[in-house]
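Structural description and commentary
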Amino acid sequence: MSIALEHVNYVYSPGTAYEKQALKDVSLEIPQGQFVGIIGHTGSGKSTLIQHLNGLIRATSGKILYEGQNIYEEGYDMRKLRSQVGLVFQYPEYQLFEVDVITDVCFGPKNQGLSPEECEKRAREALELVGFPEKYYRQSPFELSGGQKRRVAIAGILAMRPKVLVLDEPTAGLDPKGRDEILDQIDYLHRQTGMTVILVSHSMEDIAEYVDRIIVMNRGEKMYDGVPREVFSHYKELEKVGLAAPQVTYVMHELKERGFPVSPDVTTIEEAADEIMRSFHD
Ligand SMILES: Nc1ncnc2c1ncn2[C@@H]1O[C@H](COP(=O)(O)OP(=O)(O)O)[C@@H](O)[C@H]1O
Ligand SMILES: [Mg+2]
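My aim in this report is to walk through the structure given alongside it, one point at a time. (Residues numbered from 1 in each chain as written. Chains lettered and ligands numbered in written order. Predicted model: local features only at pLDDT ≥ 70, side-chain atom pairs only at ≥ 80, totals over all residues. Heavy atoms only, no water.)

Quick word on the environment of Glu128
In plain terms, the rule: Under the scheme used here, helices are H or I runs from DSSP no shorter than 4 residues and strands are E runs no shorter than 2 residues, and both carry numbers assigned from the N terminus.
Mapping Glu128 onto the fold places it in helix H4 (residues 116-129). Distance in space between the C-alpha atoms of Glu128 and Ala208 is 26 Å, their sequence separation being 80 residues.

A closer look at the packing of aromatic side chains
Test applied: Two rings from Phe, Tyr or Trp (for Trp, the six-membered ring) form a pair when their centres are within 6.5 Å of each other. A pair whose planes differ by under 30 degrees is stacked, one over 60 is edge-to-face, and the rest are tilted. Burial classification: accessible surface area is computed with a 1.4 Å probe over protein chains only, and a residue below 20% of its type maximum counts as buried, one above 50% as exposed, and the rest as partly exposed. The criterion is that NZ of a Lys, or CZ of an Arg, lies within 6 Å of the ring centre and within 35 degrees of the ring normal, and then a charge sits over that ring.
Summed over all chains, the structure comprises six aromatic pairs. Summarising the aromatic geometry, the rings of Tyr91 and Tyr94 are spaced 6.0 Å apart at their centres and angled 35° between planes, so their arrangement reads as tilted. Assessed through its relative accessible area of 68%, Tyr94 is described here as exposed. Between Phe132 and Tyr136 the ring centres are 6.3 Å apart and the planes differ by 65°, which places this aromatic pair in the edge-to-face class. Among the aromatic residues, those joined into a cluster by ring pairs are Phe132, Tyr136 and Tyr137. Positioned above the aromatic ring of Tyr72 is the side chain of Arg58, whose terminal nitrogen or guanidinium carbon lies 4.4 Å from the ring centre.

Points about the side chain of Arg150
Keep this limit in mind: In protein, a polar contact means a hydrogen-donor-capable atom and an acceptor-capable atom, both N or O and within 3.5 Å, with residues adjacent in sequence counting only if both atoms are side-chain atoms; elsewhere, any N or O pair within 3.5 Å suffices. When checking whether two residues touch, look at their non-hydrogen atoms; a contact exists if any pair is within 4.5 Å.
Mapped onto the fold, Arg150 is located in helix H5 (residues 146-158). One polar contact links the side chain of Arg150 to the main-chain carbonyl oxygen of Pro170, over a distance of 2.7 Å. The contacts of Arg150, once residues within four sequence positions are left out, are Tyr91, Pro92, Glu93, Glu169, Pro170, Thr171, Ala172, Leu174 and Ile182.

Quick look at the sheet that holds strand S3 (residues 35-40)
What counts here: At least two DSSP bridges between two strands are required for those strands to pair. To get an axis, fit a line to the C-alpha atoms, keeping to the stretch in contact for a helix; angles then go from 0 to 180 degrees between the N-to-C directions.
In spatial order, the strands read S6-S7-S8-S3-S9-S10; together these six strands make up an open sheet with mixed pairing. The two strands at the open ends of the sheet, each matched to only one other strand, are strand S6 (85-88) and strand S10 (221-226). Across the sheet, the axes of successive neighbouring strands diverge by a mean angle of 15°, strand direction being ignored. Against the sheet, H5 makes contact with S6 and strand S7 (164-168), and its axis sits at roughly 165° relative to S6, the strand it touches most. Of the strands in this sheet, S3, S7 and strand S8 (196-201) touch helix H6 (residues 176-193), which is tilted by about 160° from S8.

A closer look at the side chain of His52
Note that His52 resides in helix H1 (residues 46-53). On the accessibility criterion, His52 (0% relative accessible area) is buried. Excluding residues that lie within four positions of it along the chain, His52 makes contacts with Val8, Tyr10, Leu23, Ile57, Arg58, Ala59, Ile64, Ile71 and Tyr72.

What to know about the site of ligand 1
The line we're drawing: The criterion for a residue being near a molecule or strand is simple. One of its heavy atoms has to lie within 4 Å of it. Accessible surface area values rest on a Shrake-Rupley calculation with a 1.4 Å probe, where residue burial reflects the displayed protein chains alone. The residue classification treats Ala, Val, Leu, Ile, Met, Phe, Trp, Tyr, Cys and Pro as nonpolar and Asp, Glu, Lys and Arg as charged. All others, Gly included, are polar.
Near ligand 1, the surroundings consist of Tyr12, Lys20, Ala22, His41, Thr42, Gly43, Ser44, Gly45, Lys46, Ser47 and Thr48. One of the backbone nitrogen or oxygen atoms of Ser44 is found 3.2 Å away from an oxygen atom of ligand 1. Relative to its unbound accessible area of 560 Å², ligand 1 is 64% covered by the protein chains. Listing elements by their share of the shell around ligand 1, those giving two or more residues are strand S2 (20-31) and H1. Here the shell around ligand 1 gets three residues from one element, more than from any other, and that element is H1. Split into classes, the residues belonging to the shell around ligand 1 amount to two nonpolar, seven polar and two charged.

Take a look at the structure:
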């Protein structure tokens, strides 16, 4: 049970003056249940990559396998794929349009042909998962704060009960508090549901403490793919492509260079604190 890309290339507007190769020979496999961060500078191909995962855009060459099946095979059920791989676009709040929150979240399940009772049940369950307060269920989505709107948009996808949730820069445009709240909520729902979560971001700092794995994209290519500490050990190379490792990485390397007996490959502030304390006791 996984999603895999095999040698995927994608070219926008081929054969025109605007031709642009956005993905170059990308291969990767994401097992069910993993929490993955896709990181890269603006224009590195992140959004293009994730739109392949539910068949929204079709690879120029290469294969996509979902649960072992080639999604480009004739007769493949794309509709089913789209309901199993839920994609939350960047600034999803622009896609809210119904009269109230609960009706908006019901939109997806309603389209799946479920009864009004079942739709409402799923909508409530989804809103609960994103921590949206019940007292606002009948409110117009347009009257909500930015962070709350985003929760509603995420709930709209969750209400279709996908197996994989893909979020394109879910923290873009939020203040630091709103950003932390959304990330904590995504982490919570990953732990609650065990679904695969693929989180796109241009900030290492944002995702370092949450994800099991980081895929770094650079100019359409996969540059690194590994657990956070592995990826951050390349912090000097990352900087060259416009990506900073979390600040704690720099602090630890600096300490080590100045002769403190610390291991620099920690990824969170808590781990750094533990490591520094440990080095005093050794
Ligand atoms: N619709 C499009 N037509 C032509 N080029 C595009 C289009 N969308 C994206 N691109 C180009 O493809 C590259 C990758 O873009 P994108 O996947 O949006 O990157 P990211 O999400 O990492 O910012 C960029 O160079 C971008 O300008
Ligand atoms: Mg993008």
